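Residue-level listing of the chains:
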Amino acid sequence: MIVGIGADPGVLNASISANLVEKTISSNVFSMLIRLDKTFQPVPDLAESWDISEDGLTYTFHLRQGVKWHDGQPFTSDDVKFTIEEVILPLHSRGATYQGVIDTVEAPDANTVVITLKTSFGPLMNALGYDFFILPKHLYAGTDIKNNPYNAKPVGTGPFKFVEWEKGSHVALARNEDFFIAGKPYLDRLVFQTIPDAASRVLALESGDIDYLSYQSVPSSAVPRLKETPNLTTTTEGFESLASIGMLSINVENPILSDVRVRKALAYAMDKNLIAERADYSVGKPATGPIASTSWAYEADVEAYAHDLEKAAALLDEAGYPVKADGTRFSIRVIADGAVEFHRKAAEILKEQFAQVGVNLELELLERNVMLDHVYIKRDFDTQIHIFSTGADPAIDVSRLYVSTNIRPVNFTNASGYRNETVDQLFAEGQSAFTLDGRVAAYQEAQKILVDELPAIWLEEVGIVGVWNSKFHGLHEWSAYSYYSFWDAWTEDGKEQ
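All of these numbers come straight from a predicted model, not from anything done at the bench.

Conventions adopted
- Residues numbered from 1 in each chain as written.
- Predicted model: local features only at pLDDT ≥ 70, side-chain atom pairs only at ≥ 80, totals over all residues.
- Heavy atoms only, no water.
- Phe/Tyr/Trp six-rings, centres within 6.5 Å; stacked < 30°, edge-to-face > 60°.
- Helix = DSSP H or I, 4+ residues; strand = E, 2+ residues; numbered from the N terminus.
- Buried < 20%, exposed > 50% of the residue type's maximum accessible area, 1.4 Å probe, protein only.
- Lys NZ or Arg CZ within 6 Å of the ring centre and 35° of its normal.
- Contact = heavy atoms within 4.5 Å.
- Core = buried A, V, L, I, M, F, W, Y, C linked by side-chain atoms within 4.5 Å.
- Pairing = 2+ DSSP bridges.
- Axes fitted to C-alpha atoms, helices over the stretch in contact; angles between N-to-C directions.
- Expected span 1.5 Å × (residues − 1).
- Bend = angle between axes of the 7 residues up to and from the residue.
- 1 Å grid on protein atoms, 1.4 Å probe; cavity = no way out; pocket = protein on both sides within 12 Å on 5 of 7 lines; lining within 4 Å.
- Points joined across faces, edges and corners; volume = space filled by probe spheres on them.
- Nonpolar A, V, L, I, M, F, W, Y, C, P; charged D, E, K, R; others polar.
- Polar contact = N/O pair within 3.5 Å; in protein donor to acceptor, adjacent residues only side chain to side chain.

Caption draft 1: Molecular detail of the packing of aromatic side chains. Inspection of every chain in the model, using the stated rule, returns 22 aromatic pairs. Ring geometry for Phe192 against Phe486: centres 6.2 Å apart, planes inclined by 45 degrees, an arrangement best described as tilted. Of this pair, Phe192 sits in strand β10 (residues 189-194) while Phe486 is found in the loop between β20 (472-473) and β21 (490-491), placing the two residues 294 residues apart along the sequence. Residue Phe192 shares its accessibility class with Phe486, and that shared class is buried. Linked through ring pairs, Phe40, Tyr130, Phe133, Tyr215, Phe239, Tyr481, Tyr483 and Tyr484 together constitute an aromatic cluster. One residue, Lys153, lies across the ring of Tyr150, its end atom 5.0 Å from the ring centre. Residue placement shows Lys167 over the ring face of Trp165; its charged tip is 4.8 Å from the ring centre.

Caption draft 2: The arrangement of the environment of Val462 in detail. Tracing the backbone through its elements, the reader meets Val462 in the loop between β18 (456-461) and β19 (466-469). Note on Val462: relative accessible area 12%, which makes it buried. Val462 sits 399 residues away from Leu63 along the chain, and the two C-alpha atoms are 38 Å apart. Val462 has contacts with Ser244, Ile245, Gly246, Asp280, Gly284 and Ile387, leaving out every residue within four places of it along the chain.

Caption draft 3: Structural context of the nonpolar core. Counting 152 residues, the largest nonpolar core has Met1, Ile102, Ile115 and Trp458 as its most contacted members. With seven residues, helix α2 (residues 77-91) is the largest single contributor of residues to this core. Filtering out sequence-adjacent residues up to four positions away, Met1 remains in contact with Leu187, Arg189, Leu190, Val191, Asp211, Tyr212, Phe472, Leu475, Phe486 and Ala489. Membership of the second largest hydrophobic core comes to 13 residues, among which are Ile195, Ala222, Leu226 and Val467.

Caption draft 4: Representation of the sheet that holds strand β16 (residues 359-366). Across the sheet, six strands lie side by side as β14-β18-β13-β17-β15-β16; this open sheet has mixed pairing. With one partner strand each, in any of the chains shown, β14 (285-286) and β16 form the two edges of the open sheet. Alignment of strand β13 (residues 244-250) against β18, held across five bridges, turns out to be antiparallel. By the bridge assignment, Gly246 is partnered in β18 with Glu460. Contacts from helix α11 (residues 341-355) reach β13, β15 (330-337), β16, β17 (383-389) and β18, with the element oriented near 165 degrees to β16.

Caption draft 5: Examining the pairing of strand β5 (residues 58-63) more closely. Here five bridges tie strand β4 (residues 47-52) to β5, and the two strands are oriented antiparallel to one another. The residue of β5 that forms the bridge with Trp50 is Phe61. Counted between consecutive antiparallel strands, the loop separating β4 from β5 contains five residues, among which Gly56 sits at a positive phi close to 70 degrees. With five bridges joining them, β5 and strand β7 (residues 112-117) adopt antiparallel strand pairing. Bridge pairing in β7 places Phe61 opposite Val113.

Caption draft 6: Quick peek at the sheet that holds strand β1 (residues 2-5). The strand order across the open sheet built from seven strands is β8-β9-β10-β1-β11-β19-β12, with neighbouring strands paired in mixed fashion. Two strands bound the open sheet, and with one partner strand each, they are β8 (160-166) and β12 (232-235). Pairing of strand β11 (residues 212-213) with β19, which is carried by two bridges, proceeds in the antiparallel orientation. Opposite Leu213, over in β19, you have Val467 as the bridge partner.

Caption draft 7: Inspection of α2 at higher detail. Compared with an ideal rise of 1.5 Å per residue, which puts 15 residues at 21 Å, α2 spans 20 Å between its outermost C-alpha atoms and is within 8% of the ideal. At Ile84, α2 shows its maximal kink, close to 35 degrees. Residues of α2 that are buried include every one of Ser77, Asp79, Val80, Phe82, Thr83, Ile84, Val87, Ile88, Leu89 and Leu91, and no others. Those residues of α2 that are buried are in contact with β5, α3 (95-99), β6 (102-109), β7 and α5 (137-140).

Caption draft 8: Geometry of empty space enclosed by the protein. The full count for this structure, using the stated rule, is seven cavities of 30 Å³ or more. In this structure, the largest cavity is lined by 18 residues; those nearest its centre are Ala18, Leu20, Tyr130, Tyr215 and Ser389. Listed by contribution, the elements that provide at least two residues to the lining of the largest cavity are α1 (20-26) and β17. Here the lining of the largest cavity gets four residues from one element, more than from any other, and that element is β17. Looking at side-chain class alone, the lining of the largest cavity contains ten nonpolar, four polar and four charged residues.

Caption draft 9: Quick peek at unusual backbone geometry. Cis rather than trans, the peptide bond between Lys184 and Pro185 has omega equal to 0 degrees. Backbone geometry at Phe40 places phi at a positive 65 degrees, although glycine is not the residue there. Within the fold, Phe40 resides in the loop between β2 (34-36) and β3 (42-44). Even without being a glycine, Arg379 presents a positive backbone phi close to 50 degrees. For Arg379, the position within the fold is in the loop between α12 (368-377) and β17.

Caption draft 10: The side chain of His170, seen in detail. Among the structural elements, His170 can be located in strand β9 (residues 170-175). Accessibility expressed as a relative area gives 14% for His170, which makes it buried. Separated by 2.7 Å, the side chains of His170 and Glu164 make a polar contact. Apart from the residues within four sequence positions on either side, His170 is in contact with Glu164, Trp165, Val191, Phe192 and Gln193.

In structure tokens form, the structure reads like this:
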């Protein structure tokens, strides 16, 4: 099966990256302790069973026996302990969140892992089935993990083995005949083909040159046509984990954008309905804040920032940025991944809308990995357009973008540089409260503050569609993360094993 992707991966190690392209590939090479079904209930992966203490602080995982790494070395509990302590906690974009709740990771014997928490953390199983890809200790211990050569030639325990990575072209995987689930995977070969141009990806799918496109690789402009194409299957299922929001992230340490009046002016200057219509072809809908309306934690009672050019202009005047002789007030940059249709079109629309109030928006449409380096590592940006998963739980996918403890040079962290002690406290309460009502209250209050202070402007709840050649089956059937689960896929023109 050939999977179309919009950009090269940066690495092939999802334990140090939350990048969708990298997780899409890596999740087929590596395993986790557990996976998550469509209702976010845990199902076995490397752990075949588990026990949770009555106080919710101790999780004991009983590992499968006889599992081997792709290089033939035995998998043990030491690999799990090493990955969590030495990789996930210090290096992952959500590592700061997990560091705040995980106290110890013990490996009392080769087949048992015990995770003890500092405080109750309801989303732990969600996290373990989302971010915690287990790495081989024997290939990573004592190395510079971020620059380890096995990040480009991964060795896992998963259903597919790494074969080759030809940058700019493809990543190829082959069936792991020793996979610990008998009979799987069904496919002999899985290829991820890089096709930066969105229109070319769609044409390749329609012609049969590729077989599958996940949501971020599917331009919304093509969705109506793809739904009517006889040999293709489309679905909105299997994306339950995402609740994706396209947003304009703002560097609040920029001298101009540090003034909340300027940020509010930009919010009033934009027409979100027009963005949803033209950038996402009405597949999605306007967003109101940092948590999607489909979430149990959503707060609707926030400032809507309805399109109001007069109010925007008045706020800019008040902030000390009058219109100059050339008709502009100031210039700011926007960085975006030019290969993603929504990013590119939203940037172009915002340029037009901001110009109406005298703000010149300079577009920097970059290759994805260059964009990530500018925004998260160098923090050399004014604003950024990007689509973020807000996930099944705000403790995992929302807090990482706004808590001050997560301002660090790691992808998909708090690149805005936003700091608010009350917001930090509310997110901490939201992840540790004993009742769902307590969690909801904390997250809803956090949303009100964030929408008032605007470290980002949330543009749209993005429409999510997956498409594949109808000769393939077994896709998007059981997992909340179906967009990177391919070991159940099989094809009508294959041969019986």
